[in-house]
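Residues per chain, in single letters:
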Amino acid sequence: MVFSFDASDPLAVVTAPPPNETSDQKAAREEREAESRRISDQIDEELRLHKADLKKHEQMVKILLLGQSESGKSTTLKNFRMQFAAEKWAQERASWKAVIQLNLVRSVNAILDAVKCPNADDENVLSFSDRHRLLVVRLGPLRGVEEDLKRLLGAAANAVDEFYVRSRDWRSFVQASQDENEKGRPDRTDISEVIARCSEDIKELWEDDIIQSMVKRRGLRLEDSATFFLNASERIAGRDYQPEDGDVLRARLRTLDIQEHDLYIDEDGKMLTWKIYDVGGSRTQRQAWLPYFEQVTAIIFLAPISCFDERLAEDPRVNRLEDSFILWKAICSSKLLKSTTLIIFLNKIDLLDKKIADGVVVRRFLPSYADRPNETMAVVKCTT
Ligand SMILES: Nc1nc2c(ncn2[C@@H]2O[C@H](COP(=O)(O)OP(=O)(O)OP(=O)(O)O)[C@@H](O)[C@H]2O)c(=O)[nH]1
Ligand SMILES: [Mg+2]
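Below: a short report on this structure. Since the structure is predicted, the reported quantities are computational estimates derived from the model, not experimental observations. Residue positions within a chain follow its written sequence, with the count starting from 1. To label them, take the chains in the order written and letter them from A, then take the ligands in the order written and number them from 1. The predicted origin of the model limits local features to residues at a pLDDT of at least 70 and limits the giving and counting of side-chain atom pairs to 80 or more, whereas totals for whole chains, interfaces and linings rest on all residues. Calculation of side-chain values draws on the structure's entire complement of heavy atoms; hydrogens and water are dropped beforehand.

1. What to know about the overall build of the protein chain
Here's step 1: Looking only at helices and strands, one finds 18 helices and seven strands in the protein chain.
Here's step 2: Burial classification: accessible surface area is computed with a 1.4 Å probe over protein chains only, and a residue below 20% of its type maximum counts as buried, one above 50% as exposed, and the rest as partly exposed. Residues classed as buried in the protein chain amount to 43% of the 384 residues present.
Here's step 3: By the convention used here, residues are in contact when the closest approach between their heavy atoms is within 4.5 Å. Expressed as a percentage of contacts within the protein chain between residues at least 6 apart in sequence, the contacts between residues at least 24 apart total 72%. Only DSSP runs of H or I covering at least 4 residues are called helices, and only runs of E covering at least 2 are called strands; the numbering of each starts at the N terminus.

2. Thoughts on the packing of aromatic side chains
Here's step 1: Think of it this way: a Phe, Tyr or Trp ring, Trp meaning its six-membered ring, pairs with another when their centres are within 6.5 Å, and the plane angle makes it stacked under 30 degrees, edge-to-face over 60, tilted otherwise. A complete count under the given rule lists six aromatic pairs for this structure.
Here's step 2: For the ring pair phenylalanine 228 and phenylalanine 229, a centre distance of 5.4 Å and an interplane angle of 75° mean the geometry is edge-to-face.
Here's step 3: Given a relative accessible area of 26%, phenylalanine 228 falls into the partly exposed group.
Here's step 4: Taken together, a centroid distance of 5.2 Å and an interplanar angle of 40° make the contact between phenylalanine 301 and tryptophan 328 tilted. Of the two residues, phenylalanine 301 sits in strand 6 (residues 298-304) while tryptophan 328 sits in helix 15 (residues 320-332), which places them 27 residues apart along the sequence.
Here's step 5: In this structure, arginine 250 packs its charged tip against the face of phenylalanine 228, placed 4.0 Å from the ring centre. Two conditions define a charge located above a ring, namely a distance within 6 Å from the ring centre to NZ of Lys or CZ of Arg, and an angle within 35 degrees of the ring normal.

3. Side note on the site of ligand 1
Here's step 1: Residues are labelled near a given molecule or strand when at least one of their non-hydrogen atoms is within 4 Å of it. As a structural note, the neighbourhood of ligand 1 is formed by 22 residues, with Ser69, Lys73, Thr75, Gly281 and Asp350 the closest of them.
Here's step 2: Polar contact is defined as a pair of N or O atoms within 3.5 Å, subject to the rule that within protein one atom must be able to donate a hydrogen and the other to accept it, and that residues adjacent in sequence are counted only when both atoms are side-chain atoms. Serine 71 places a polar main-chain atom, nitrogen or oxygen, 3.1 Å from an oxygen atom of ligand 1.
Here's step 3: Take glycine 72: an N or O atom from its main chain is 3.0 Å from an oxygen atom of ligand 1.
Here's step 4: Using a 1.4 Å probe, the Shrake-Rupley method yields the accessible areas, and only the shown protein chains count as cover for residues. Relative to its free-state accessible area of 650 Å², ligand 1 is covered by the protein chains to the extent of 90%.
Here's step 5: Amino acids outside the nonpolar list (Ala, Val, Leu, Ile, Met, Phe, Trp, Tyr, Cys, Pro) and the charged list (Asp, Glu, Lys, Arg) are all regarded as polar, and Gly is one of them. When grouped by side-chain class, the residues that make up the shell around ligand 1 number three nonpolar, eleven polar and eight charged.
Here's step 6: Residue ranges for the domains originate in an automatic or database domain assignment. Among the domains, domain 2 (60-87 + 257-383) and domain 3 (92-250) are the pair contributing at least three residues each to the shell around ligand 1.

4. A short note on the pairing of strand 1 (residues 60-66)
Here's step 1: With five of seven residues buried, strand 1 lies mostly within the body of the structure.
Here's step 2: DSSP-based pairing: two strands are paired if at least 2 bridges between them are found. Direction of pairing for strand 1 relative to strand 5 (residues 270-278): parallel, over a ladder of six bridges. The residue bridging leucine 65 from the neighbouring strand is aspartate 278, located in strand 5.
Here's step 3: With four bridges joining them, strand 1 and strand 6 adopt parallel strand pairing. From the neighbouring strand, leucine 65 faces strand 6, where its bridge partner is isoleucine 300.

What follows is the structure, encoded as structure tokens:
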């Protein structure tokens, strides 16, 4: 066989097959060349994937959720996850059942605490009948249920007035409790059974006018989602209850440390990674925010628009709206954040609507509101 190559091309000289090559030698050479090509293609593919990975990281958007406690940071994260991590969200839905039960039971127990010893000067004391007293007794087992649910979720023993769970540990506690042989763990079926047996009494308690007016007079502050869970008590206390998306969104679980979640968002065929940091918002936890300031692309600040008549749980001297305003101002003027995108979400407009409808007068809490109309949109306009 005659080989021809261009002698002026040094590469062709080097790569040309040797003269007088036998057919066996040729087959072996071609096999070697095919293997080299395969390895080369493999390296090219690995490099391509590595570059794509680098690019993916370049397109990572880091978002920090900020705002005072109960401002709605974790709820915003849940909304993002429901939208952009739908599969995982759906898988986790059932694990929220115990948290939702605890939200309902805590609210019922808070109401029982508020009404159990009516003061002689309470105008409702005369209307507080044997029927009410019986209701209080019949709902007694919910005390033990609250403790069991807290243990089930792994809450710290000293979490007396507010329920919290560190990080995402509570899911593993719930998982572990499925092992029925494990001693000392509360049984989830027993818990659900006690709640189911109390279902009618919970409804009666919540819908009773005397109880409602006593709760109001004693200034009991129920959590924002309490009304929702109490209104849905029959469904939640049902023996076959399974959480719905709306229940999970409203389930209150105070954040105590930083939680990190990755979301993968397809933007016109390009994969974007959103790394979202959710932090605890009470005053003692705000120092933990600082290390994140330098690394994030954007901050979403949650500012509840309904909080003008509320006070901080950790410091009842401080008005919530004032705290939120000072916090937002501090963030806007932070040098560390001068190249960070700042976004403000004014949320809880539904609660503002309700307060206005219930006759709460904004000017009483915000003298600077002056004689503007006591209407939702006027408050929104004034706050922005
Ligand atoms: N009605 C109503 N409730 C809301 C809204 N946003 C949040 N909530 C409720 O407010 C409560 C507090 O919300 P979270 O998201 O837990 O607040 P947080 O900012 O994460 O609070 P910390 O973890 O303590 O810092 C929850 O029960 C939510 O369901 C809203 O727009 N409307
Ligand atoms: Mg939170």
